[in-house]
Structures are given as structure tokens and as C-alpha cells.
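Spelled out from the first residue to the last, the chains are:
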Amino acid sequence: MTPQSVPDAVFHTRVRNPDLAGDNPFEWKQLSTSDVFAGKRVVVFALPGAFTPACSESHLPGYERLYDAFVAQGVDSVVCVAVNDAFVMFQWAKSQNIQHVFMLPDGNGEFTRKMGMLVDRSAQGMGMRSWRYSMLVENGDITKLFAEPGLRDNPPGVPMAVSSAETMLDYLQNSSV
């Protein structure tokens, strides 16, 4: 069962620190669920993993492409969650030229597990990963969730029928929220 509020979790992120010299001017910063969602209207989309085909070819690029349309609907931020570490999320965003979507690493799978969306993908050599879904979160409350059908361990693939950027934008444009 999906929680009515986003679960409490800690995200281990890396942020640029201008005071650090060298080729890696980043430091660890822990973000809480409250840091990400409190007092904000956030569109979140979660996917199986960085650099995977559907995630790289359509899911992430769709949310980046429609970012301004989400902002026009009163969204404060668009967040991509994956069970990948901060280093992988950073390199993936860089390779995709992501400028607007906030890449939120759930490297330990804590948030995804507490959402009830952590699935075993070991049949494909991927370990534990997120199911594909999107949601609208308002001040920490989940007001709309689009989860792909067939949630289960080791699916042959994870479809992208209802969690696309276009579906979320259509919902926002046509809801009376």
C-alpha cells in the first residue's frame, strides 16, 4: 500500500563546494525527505537505473524537456529518484545534459523500499532497483501516484505506460488541484 505521505529517508548526495580545490570540488551532503519535499510542490519520477535504455532514451529526457511546462503548473522542482549512488547519478545527468531535473540518489534504496517500490532485478544482474513510477508530492503528501502496472520482482522489463512526463503534465493541466 502506498503511503499517504512520502516516507522519512536520508539521501546521500554530493554538492559542489567552491572552497575546495582540485578536480573534485564536491562534498557529501545528506538530504532528508523534509529537505526535498517540505513546503514544496514536487514532481517525482523513479526509474530502474541510470544509463538503462528506456530511462535514458525517454523517461529522464521527457521530464527535462517538459520542465518549464511543469513550472508553469506551479511545480517547484522535478526530481529523478533511482537506486544508484551520487557518483552514478551525477555522471548520468552530465551525459544526458540535464540542466533542470534534480537527480536524487537513493543509493541504499531506503526511500524506494519505504515507498513499497523496491524490486529484485537480479535476474538481469541489476540487484535491487526501483519500480518505475511518478508522483505529485505537495508539502510531503502524495497527492497523485502513477505506478506502472505489474509490480513484481524480476520482470522481463518495466514498462513506461503511465509514469511518463506527458502523463504527469496532462494530469496537472487537467486536474482541479
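What counts, and at which threshold
Residues numbered from 1 in each chain as written. Predicted model: local features only at pLDDT ≥ 70, side-chain atom pairs only at ≥ 80, totals over all residues. Heavy atoms only, no water. Salt bridge = Lys/Arg side-chain N within 4 Å of Asp/Glu carboxyl O. Helix = DSSP H or I, 4+ residues; strand = E, 2+ residues; numbered from the N terminus. Buried < 20%, exposed > 50% of the residue type's maximum accessible area, 1.4 Å probe, protein only. Arc of directions from axis to C-beta. Contact = heavy atoms within 4.5 Å. Polar contact = N/O pair within 3.5 Å; in protein donor to acceptor, adjacent residues only side chain to side chain. Lys, Arg positive; Asp, Glu negative; His and termini not counted. Pairing = 2+ DSSP bridges. Axes fitted to C-alpha atoms, helices over the stretch in contact; angles between N-to-C directions.

With that settled, consider the pattern of salt bridges. This structure, assessed with the given rule, holds 3 salt bridges. A salt bridge links glutamate 138 to arginine 41, with the shortest nitrogen-to-oxygen separation between them at 3.1 Å. Here the residue glutamate 138 occupies a position in strand 8 (residues 133-138), and arginine 41 occupies one in strand 3 (residues 41-47), the gap between them amounting to 97 residues. Measuring nitrogen to oxygen at the nearest pair gives 2.6 Å for the salt bridge that ties arginine 65 to glutamate 166. Residue arginine 65 is located in helix 2 (residues 53-65), and its partner glutamate 166 is located in helix 6 (residues 165-174); the two are separated by 101 residues in the primary sequence.

Turning our attention to helix 4 (residues 86-95). Within the sequence span of helix 4, burial applies to Ala86, Met89, Trp92 and Ala93. The buried residues of helix 4 occupy one face: seen down the axis, they fall within an arc of 130°. For helix 4, the secondary structure elements touched by its buried residues are strand 1 (10-16), strand 2 (26-32), strand 3, helix 2, strand 4 (77-82) and strand 5 (102-105). Taking the backbone nitrogen of phenylalanine 87 as reference, a side-chain oxygen 2.9 Å away marks aspartate 85 as the first, capping residue of helix 4.

Take the side chain of aspartate 106 next. Relative to the assigned elements, aspartate 106 resides in the loop between strand 5 and helix 5 (110-114). Despite its burial, aspartate 106 pairs with no opposite charge, the nearest such side chain being arginine 113 at 8.5 Å. Discounting residues that sit within four places of it in the chain, aspartate 106 has contacts with Phe11, Val81, Ala82, Val83, Asn84, Phe111 and Thr112.

This part covers the sheet that holds strand 3. If you trace the 5 strands from one edge of the open sheet to the other, you get 5-4-3-8-9, paired in mixed fashion. Pairing within the sheet leaves two strands with one partner each, and these edge strands are strand 5 and strand 9 (141-147). If you compare each strand with its neighbour and ignore which way they point, the axes differ by 25° on average. Pairing between strand 8 and strand 9: 6 bridges, direction antiparallel. What sits directly across from valine 137, in strand 9, is isoleucine 142. Seen against the sheet, helix 4 touches strand 3, strand 4 and strand 5 and runs at an angle of roughly 155° to strand 5.

Glancing now at the pairing of strand 8. Among the 6 residues of strand 8, 5 are classified as buried, and the element is accordingly described as predominantly covered. Across 6 bridges, strand 3 lies against strand 8 in antiparallel orientation. The partner of alanine 46 across the bridge, within strand 8, is tyrosine 133. Once strand 8 ends, the chain turns through 2 residues before running back antiparallel as strand 9, passing asparagine 139 with a positive phi of about 50°.

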